[in-house]
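Secondary and tertiary structure notes
Below, each chain spelled out in residue letters.
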Amino acid sequence: MKTFTFTGESPLAKNLSDFLIIKPVERCMSSMQTGTQMIKLRGSTKGLVRFYYLDEHKSCIRWRPSRKNEKAKISIDSIQEVCEGKQSEIFQRYADGSFDPNCCFSIYYGDHMESLDLVSSSGEEARTWITGLKYLMQTFDEADKNGDGSLSISEVLQLMHKLNVNLPRQKVKQMFKEADTDDNQGTLGFDEFCAFYKMMSTRRDLYLLMLTYSNHKDHLDTDDLRRFLETEQKMTNVTKEHCLEIISKFEPCLENKKEGALGIDGFTNYMRSPSGDIFNPEHYQVNQDMSYPLSHYFITSSHNTYLMGDQLMSQSRVDMYAWVLQSGCRCVEVDCWDGPDGEPIVHHGYTLTSKILFKDVIETINKYAFIKNEYPVILSIENHCSVIQQKKMAQYLTEILGDKLDLSSVHSDDSTTLPSPASLKGKILVKGKKLPANISDDAEEGEVSDEDSADEIDDDFCLHFRSNNYFHIVENIAKKKLDSLIKESKIRDCEDPNNFTVTTLPSSGKAGLKSDSKKVNMFYCTSVTPRPDCSFVCLCSYIVLLFRNNNACSFKDGCLKINRQKKTMKLSRALSDLVKYTKSVGIHDVETESSWQVSSFSETKAHQILQQKPAQYLRFNQHQLSRIYPSSYRVDSSNYNPQPFWNAGCQLVALNYQSEGRMLQLNRAKFSANGNCGYVLKPNCMCQGVFNPNSEDPLPGQLKKQLVLRIISGQQLPKPRDSMLGDRGEIIDPFVEVEVIGLPVDCFKEQTRVVDDNGFNPMWEETLVFTVHMPEIALIRFLVWDHDPIGRDFIGQRTIAFSSMMPGYRHVYLEGIEEASIFVHVAINDICGKVRLLFFFFFLFFFFLIFQAKQALGLKGLFLRNPKQASLDSHAAGQLHRKHSFSSHILRRTASAPTKSQKKNKKGFPEIAFDTKDNSSEGAAEDHGVLWSGLFRRSHFTTQQTILVLNAYIPSMQTL
């Protein structure tokens with residue numbers, strides 16, 4: 001009986017389909033088939049260096065050199081156990097320290113449990129072999145329900161269901177019969193099962209693509225491969241030597257390797273490798289000019305970095321700084337308060353969040369700031385401490401960070417320009433308050449404005465209430481949480497349940513604030529500006545915080561109006577002197593320009609400015625830094641959409657890193673475009689000149705891009721984790737949604753049709769077309785959904801920057817489940833101009849003539865379809881955009897046309913790509929018969945449709 005142990009909550013122990021989609025499996029198979037040089041141990045004698053590899057049928061392990069030649073192999077079905085580390089008797093004979101345990105593993109095989117003890121060159125290679133071997137063993141064993149060592153047709157059908165695929169029973173039986181070649185008819189042994197699995201998993205889309213470029217051979221030679229790479233993948237200067245390297249690396253068949261041929265398995269391995277990923281591999285490294293001023297870059301930023309959860313009651317941990325910094329974040333926040341024993345502490349003030357030492361935070365930042373990259377870190381200090389503890393903060397910063405704070409070597413004395421990230425490598429910038437220039441140099445402290453950016457309450461904070469509804473409407477759970485806040489804030493409850501008394505006490509370390517008591521009627525909150533969904537507990541807690549901060553309130557027009565009183569605070573000279581290029585200011589006048597300062601805006605205030613003065617806000621961000629932080633209402637640590645602020649050129653868009661979701665996914669995609677170094681260069685038009693990012697045509701003189709995405713197929717798509725109908729065990733009905741996120745005029749969604757009952761290898765073969773005005777800041781988001789009768793369930797997503805997309809045939813691996821992917825073709829065209837009214841009527845007349853000819857001669861007589869090219873279009877065709885009724889927004893099934901989102905209506909004639917540079921496939925001319933034949937399947941077209949069709953088919957018309 002084969003046995004092996006999985007620790008923890010292994011996906012394999014839960015469900016085979018879950019195991020099949022974990023990240024290492026498919027790449028493990030490819031790596032094992034490519035082969036690895038390892039040391040085979042033989043007791044006391046010296047180990048033998050051998051080349052081990054998995055054969056092309058994935059049925060046995062082979063090695064060379066060996067005197068056994070073809071017999072030098074271990075069949076997968078003979079493997080009884082795979083053990084990690086130095087557990088075998090052979091390993092025990094070697095002295096401790098002889099080998100790294102992470103590089104060691106043993107394979108027990110045969111009836112007598114013989115062992116093959118191997119040492120790889122790295123722990124990663126060892127894990128690859130261990131994972132791959134366990135996968136091969138478990139796949140067969142899971143399907144073999146009765147344990148007889150073979151699979152019946154019923155067991156195979158059950159396996160298919162677990163694999164999330166629903167092939168026709170007749171097709172399964174046919175493949176079963178073809179694989180069943182031994183004397184024991186009606187069942188599949190392990191080798192036969194491997195052959196069956198290979199037949200089932202062979203990619204039809206890749207096979208047809210290979211045939212297209214191999215002139216219907218079953219392999220690609222070096223000339224075929226070079227033509228494919230240059231024509232489809234847009235690679236330049238491809239040499240024969242490079243093609244031979246690809247064949248040597250990815251082709252599992254030795255015979256093909258010798259002949260310099262890439263078969264379907266090798267081609268699949270290549271297309272599934274990082275070379276076939278949609279993400280540009282050059283963007284894994286820093287690839288942008290880093291010598292511009294800091295204000296010319298987007299800088300990844302964290303809000304309340306120390307928190308692990310919500311803003312009211314979660315834990316504060318120094319580990320969060322280590323994690324965030326290693327994730328690429330370059331601006332972290334430290335909220336500093338007076339602590340016991342003269343030690344400043346870090347936590348979210350006036351809440352139940354736990355407290356950590358400021359010293360520990362700085363030590364953690366010092367340790368992890370530059371592990372992943374050398375570009376500068378901005379330390380955003382929110383200072384609430386007394387002068388005595390501020391001096392202690394300055395002492396810790398100076399002693400612990402040392403030379404990292406020394407900016408004397410940075411030559412940027414021009415007060416109108418900030419230094420560059422390149423000139424600040426290895427440096428930490430302290431962002432905080434700075435003493436005004438008119439204070440004497442001998443003074444050890446001075447007064448500054450006490451405007452704490454992260455603790456600011458929106459100016460328009462307003463609570464509407466009903467005078468006839470009081471405290472009895474508050475839910476019990478809200479009352480309990482409010483009681484906790486009341487105790488923490490030392491609020492004395494009154495006996496009257498309909499009101500309470502708030503006593504504001506002097507904050508520790510801040511003398512001179514008078515205590516004062518106010519009596520406020522409890523009320524029922526029905527609407528809130530700007531977030532109507534805010535909880536009652538949240539609002540009550542903020543009333544507590546506002547009163548505690550010595551705020552005044554008044555009733556006007558049925559509202560409780562709360563106004564923040566402007567205060568001053570004492571600032572230590574020692575702490576002030578650590579601030580140079582990043583002085584914190586509370587000036588929100590975007591008409592004022594300055595360089596060596598950082599203005600902080602709440603998301604609400606920034607939205608107001610963005611709506612009222614978008615062009616001025618853009619110019620403001622050309623010279624100085626802007627920091628955006630979440631609204632005070634986001635007590636659950638939710639995140640706002642960062643894209644509108646990037647559109648305005650805001651550099652420091654701070655997000656709650658502890659809250660995973662769409663907004664952090666956008667943030668990761670944004671900064672992955674430059675090696676995840678934390679800095680991304682803004683487009684040149686954002687650094688010079690002015691435009692309105694909210695305009696329908698923000699850059700009329702600039703080239704636009706047409707993105708043509710052909711969604712071809714999916715691979716190993718898992719079942720949703722949280723299905724609306726629970727764990728039904730059903731096979732999914734997937735569809736793909738593609739979203740462009742950027743300037744408002746560019747934001748748009750399209751989706752494919754639904755494919756029924758196939759998560760293993762669904763085929764869509766649909767084309768989606770987008771126009772992008774500013775591709776430099778656009779993000780492309782791929783989402784895969786499972787269609788349900790009552791809605792849809794999320795399967796996975798991948799978001800990448802437009803500038804990071806590679807052209808040609810590419811795999812889009814879903815984030816976090818990277819073996820699950822969708823296969824696409826990417827084409828990007830330059831749209832160079834507009835067609836005037838005269839040209840519009842000319843093309844309309846031309847189209848009318850062709851339409852009449854089609855009616856007279858028939859479709860077949862006018863456009864002959866090339867059967868060879870019909871299998872795979874190398875040029876992605878445009879789609880008809882049309883208005884839809886309400887019913888068209890309901891998802892349609894496989895046989896239906898794709899459901900489209902409706903574009904916004906624009907004034908005047910729509911844009912038509914006239915003088916167009918086509919960056920898609922060079923061999924597209926041969927496919928125009930296919931494209932035009934698809935175009936004329938309709939018998940009637942509206943004027944609007946005609947214009948849009950011409951827009952998509954101009955490249956075809958030019959070639960014809």
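No experiment lies behind these values; they were computed from the predicted model shown.

**Examining the overall build of the chain**
- The secondary structure content of the chain amounts to 29 helices and 39 strands.
- For the chain, the proportion of its 960 residues judged to be buried stands at 55%.
- Carbon and sulfur atoms form 50% of the exposed surface of the chain, whose accessible area is close to 42500 Å².

**Some thoughts on the packing of helix H15 (residues 358–368) against helix H16 (residues 387–401)**
- Closest axis-to-axis distance for the H15/H16 pair is 10 Å, and the angle between their directions is 25 degrees. If you check the angle between H15 and H16, you find them roughly parallel. As for how H15 packs across H16, the hand of that crossing is right-handed. Along the contact surface, H15 presents Phe358, Lys359, Ile362, Glu363 and Asn366, while H16 presents Met393, Tyr396, Leu397, Ile400 and Leu401.
- When the residues that make up the contact of H15 with H16 are grouped by side-chain class, the tally is 7 nonpolar, 1 polar and 2 charged.

**A few points about the nonpolar core**
- Val334, Phe358, Ile365, Leu379, Ile428 and Tyr617 are the most contacted members of the largest nonpolar core, which has 73 residues in total.
- In terms of residue count, the dominant contributor to this core is H16 (6 residues).
- In contact with Phe358, other than residues within four places in its own chain, are Val334, Cys336, Pro344, Ile345, Val346, Ile381, Met393, Tyr396 and Leu397.

**Some words on H15**
- Within H15 the residues assigned to the buried category are Phe358, Val361, Ile362, Thr364 and Ile365. Seen from one end, H15 has its buried residues packed into an arc of 160 degrees, which puts them on one side.

**Examining the pairing of strand E37 (residues 808–813)**
- Counting buried residues in E37 gives 6 out of 6 residues, a clear majority hidden from the surface.
- Note: E37 against strand E38 (residues 821–831), 6 bridges, orientation antiparallel. Residue pairing across strands places Gly808 opposite Val826, the latter belonging to E38.

**Some thoughts on the confidence of the model for the chain**
- The pLDDT averaged across the chain works out to 75; a share of 68% of its residues lies at or above 70.
- In this model, residues 1–24 is a region of pLDDT below 50 whose contacts with residues beyond four sequence positions or in other chains number 41 contacts.
- Segment residues 724–728: pLDDT under 50, and 10 contacts once partners within four positions in sequence are set aside and those in other chains are kept.

**Looking at the pairing of strand E3 (residues 60–64)**
- For E3, the buried fraction is high: 4 of the 5 residues fall into the buried class.
- In terms of strand pairing, E3 meets strand E4 (residues 73–75) through 3 bridges, oriented antiparallel. From the neighbouring strand, Cys60 faces E4, where its bridge partner is Ser75.

**Topic: the environment of Val690**
- Locating Val690 in the fold gives a position in the loop between helix H24 (684–687) and strand E31 (704–715).
- Classification of Val690 as partly exposed rests on a relative accessible area of 37%.
- In this structure the C-alpha to C-alpha distance between Val690 and Leu618, which are 72 residues apart in sequence, comes to 6.8 Å.
- Val690 has contacts with Ala615, Leu618 and Arg619, leaving out every residue within four places of it along the chain.

**Remarks on the packing of helix H9 (residues 204–214) against helix H13 (residues 264–272)**
- At their nearest, the axes of H9 and H13 sit 10 Å apart, and the two run at 110 degrees to each other. Classed by the angle they form, the pair H9 and H13 counts as roughly perpendicular. Across the interface between the two elements, Leu206, Tyr207, Leu209 and Met210 from H9 touch Ile264, Phe267, Thr268 and Met271 from H13.
- Each residue belonging to the contact of H9 with H13 can be placed in one class, and the counts come to 7 nonpolar, 1 polar and no charged.

**Looking at the packing of aromatic side chains**
- Summed over all chains, the structure comprises 20 aromatic pairs.
- Seen in terms of ring centroids, Phe228 and Phe267 are 5.5 Å apart; in terms of plane orientation they differ by 75 degrees. Their pairing is edge-to-face. Taken together, the residues span a long stretch of sequence, with Phe228 in helix H10 (residues 222–231) and Phe267 in helix H13 at a distance of 39 residues.
- Their ring planes at 25 degrees and their centres at 5.8 Å tell us that Tyr809 and Phe823 sit as a pair that is stacked. A residue pair is termed long-range when its members are at least 10 positions apart, and Tyr809 in strand E37 and Phe823 in strand E38 qualify at 14 residues. Per residue, the accessibility class of Tyr809 equals that of Phe823, and both read buried.
- By the ring-pair criterion, three or more aromatic residues cluster together here, those being Tyr213, Phe228 and Phe267.
- Its guanidinium or amino end placed over the ring of Phe823, Arg203 lies 5.2 Å from that ring's centre, counting from NZ or CZ.
- Residue placement shows Arg792 over the ring face of Trp785; its charged tip is 3.8 Å from the ring centre.

**Describing the pattern of salt bridges**
- Evaluation of the coordinates by the stated rule reveals 22 salt bridges.
- Of the charged contacts, one joins Arg753 and Glu766 as a salt bridge, the two residues approaching to 3.0 Å between their closest N and O atoms. In this pair, Arg753 is assigned in the loop between strand E33 (748–751) and strand E34 (763–772) and Glu766 in strand E34, connecting sequence segments 13 residues apart. Of the two residues, Arg753 and Glu766, both sit in the buried class.
- Several salt bridges share partner residues, and in doing so they unite Lys217, Asp221, Asp224 and Arg227 into one network.

**Side note on the environment of Gly85**
- Following the sequence through the fold, Gly85 ends up in the loop between strand E5 (79–84) and helix H4 (89–92).
- What makes Gly85 buried here is its relative accessible area of 13%.
- Excluding anything up to four places from it in sequence, Gly85 contacts Phe91, Pro101, Cys104 and Phe105.

**Remarks on the sheet that holds strand E32 (residues 734–741)**
- Pairing in this open sheet of 4 strands is antiparallel, and the strands run E33-E32-E35-E36 from one edge to the other. Lying at the two open borders of the sheet, with one neighbouring strand each, are E33 and strand E36 (791–801). The average angle at which neighbouring strand axes cross in this sheet is 20 degrees, direction not considered.
- Where E32 lies against strand E35 (residues 779–788), 8 bridges are found, and the strand directions are antiparallel. Bridge pairing links Val738 to Phe782 in E35.

**Considerations on the side chain of Gln624**
- You can see Gln624 is positioned in the loop between helix H21 (614–620) and strand E28 (625–629).
- Within polar-contact distance, the side chain of Gln624 engages the side chain of Ser599 at 2.9 Å.
- Beyond its immediate stretch of four places on either side in the chain, Gln624 contacts Ser295, Ser594, Ser595, Gln597, Val598, Ser599 and Gln651.

**Regarding H9**
- Of all 11 residues making up H9, 9 are buried, and the element is well covered by its neighbours.
- Taken together, the buried positions of H9 are occupied by Asp205, Leu206, Leu208, Leu209, Met210, Leu211, Thr212, Tyr213 and Ser214.
- Of the residues flanking the end of H9, it is Asn215, one or two places downstream, whose phi is positive at about 55 degrees.

What counts and what doesn't
- Residues numbered from 1 in each chain as written.
- Predicted model: local features only at pLDDT ≥ 70, side-chain atom pairs only at ≥ 80, totals over all residues.
- Heavy atoms only, no water.
- Helix = DSSP H or I, 4+ residues; strand = E, 2+ residues; numbered from the N terminus.
- Buried < 20%, exposed > 50% of the residue type's maximum accessible area, 1.4 Å probe, protein only.
- Areas by Shrake-Rupley, 256 points an atom, 1.4 Å probe, with all protein chains shown as cover.
- Axes fitted to C-alpha atoms, helices over the stretch in contact; angles between N-to-C directions.
- Parallel < 35°, antiparallel > 145°, perpendicular 65-115°, else oblique.
- Left-handed = near helix turned anticlockwise from the far one by under 90°.
- Contact = heavy atoms within 4.5 Å.
- Nonpolar A, V, L, I, M, F, W, Y, C, P; charged D, E, K, R; others polar.
- Core = buried A, V, L, I, M, F, W, Y, C linked by side-chain atoms within 4.5 Å.
- Arc of directions from axis to C-beta.
- Pairing = 2+ DSSP bridges.
- pLDDT = per-residue confidence, 0-100.
- Phe/Tyr/Trp six-rings, centres within 6.5 Å; stacked < 30°, edge-to-face > 60°.
- Lys NZ or Arg CZ within 6 Å of the ring centre and 35° of its normal.
- Salt bridge = Lys/Arg side-chain N within 4 Å of Asp/Glu carboxyl O.
- Polar contact = N/O pair within 3.5 Å; in protein donor to acceptor, adjacent residues only side chain to side chain.

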